[in-house]
Structures are given as structure tokens and as C-alpha cells.
Amino acid sequence: MYAIFVTINIKDGHADEFAAASLGDGQGSVRDEENCFRFDILRSPDNPNQFYLYEVYANREAHATHREQPHYVAWRSAVEHMFEGDLGRVEMETVFPSDAGWKAQKPGLVNW
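Structural notes, computed from the coordinates. (Residues numbered from 1 in each chain as written. Predicted model: local features only at pLDDT ≥ 70, side-chain atom pairs only at ≥ 80, totals over all residues. Heavy atoms only, no water.)

**Structural notes on the overall build of the protein chain**
The helix and strand tally for the protein chain stands at 4 helices and 4 strands. Its helices and strands in sequence order give the protein chain the pattern β-α-β-β-α-α-β-α, from N to C terminus. Against the 2.2 N^0.38 benchmark of 13 Å for 112 residues, the protein chain shows a C-alpha radius of gyration of 14 Å, consistent with a compact globule. Buried positions account for 38% of the 112 residues belonging to the protein chain. At a minimum sequence separation of 6, the contacts of the protein chain that also span at least 24 residues come to 72%. Summing over all exposed atoms, the protein chain offers an accessible surface of approximately 6400 Å²; the carbon and sulfur share of this is 51%. For the protein chain, the separation between the mean place of its 10 positive charges and that of its 18 negative charges on side chains is 2 Å. (Helix = DSSP H or I, 4+ residues; strand = E, 2+ residues; numbered from the N terminus. Rg over C-alpha atoms; globule rule 2.2 N^0.38 Å. Buried < 20%, exposed > 50% of the residue type's maximum accessible area, 1.4 Å probe, protein only. Contact = heavy atoms within 4.5 Å. Areas by Shrake-Rupley, 256 points an atom, 1.4 Å probe, with all protein chains shown as cover. Lys, Arg positive; Asp, Glu negative; His and termini not counted. Charge placed at Lys NZ, Arg CZ, Asp CG, Glu CD.)

**Regarding the pairing of strand β1 (residues 2-9)**
Where β1 lies against strand β3 (residues 50-57), 8 bridges are found, and the strand directions are antiparallel. Residue pairing across strands places I4 opposite E55, the latter belonging to β3. Inspection of the sheet shows β1 paired to strand β4 (residues 88-93) by 6 bridges, in the antiparallel sense. In the sheet register, V6 faces β4, and the bridge partner there is R89. (Pairing = 2+ DSSP bridges.)

**As for the packing of aromatic side chains**
The geometry of two aromatic rings is summed up by the distance between their centres and the angle between their planes. Applying the stated criterion to the full structure yields 5 aromatic pairs. Judged by centre distance (5.5 Å) and plane angle (25 degrees), the ring pair of F5 and Y52 falls under stacked. Of this pair, F5 sits in strand β1 while Y52 sits in strand β3, and the two are 47 residues apart along the sequence. Here Y72 and W75 contribute two aromatic rings whose centre-to-centre distance is 5.7 Å and whose plane-to-plane angle is 45 degrees, an arrangement assigned as tilted. One end of the pair is Y72 and the other is W75, both in helix α3 (residues 70-79) and 3 residues apart, which spans about a single turn. Side by side, Y72 and W75 carry an identical accessibility label, which is buried. A cation sits over an aromatic face here: K106 above F37, 5.6 Å from the ring centre. (Phe/Tyr/Trp six-rings, centres within 6.5 Å; stacked < 30°, edge-to-face > 60°. Lys NZ or Arg CZ within 6 Å of the ring centre and 35° of its normal.)

Below, the structure is given as C-alpha cells:
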């Protein structure tokens, strides 16, 4: 599996708006994308303007497809003006859970 960890700094006064706008992208990703197995939105307890996204896809192609989806395009358009500086990004391969484990967990992700 292909995973990414994204660090996003948000301009002062936009953190709650960013968090609310990001839910649609996260929910749409796990609900509508067959090859998206995780989409976590995290916030720093020490800096309320710093967010992290942890995303797991079947492969790089699935992540590229994610960036073409309507929920991603809408999210990016809604939040891009809130970014403070460049986004940080780390690409990874998952070790645990196994690929089968990721696939088995997916049905539970849509029970929010």
C-alpha cells in the first residue's frame, strides 16, 4: 500500500473553517474511492493552526485518481487560500497492517 503524511499550516483565524471543510474530502475519500483505505485528519495539540493528513491508497495511481475526484477538487478550492506556506509531504509504503488488513478495515471507516 502507498501512504502519505501531509503537514499543513493554516493562517490564523482559519483553523476551524479548515477543519470543517476538510471533513468532506476525508469522508468522500473513504466512502467513494475504492482504493482509498485510510484518510485521517489530525490537529496539533500545541499549535491549533497545524494539521496533518494520513492517507493510505492501494498504490500511487489510486492517489493520483484521488486528486481528480470532485470532493478533492472542491476541498482544494475551498481551503487553498488558508494555507500558510508550503505543504509538507512524506511518501511511504505501509508495513502493518497487511494489504488484506487494510482492505478488511475499510467497511468500518464509513461508520461516522
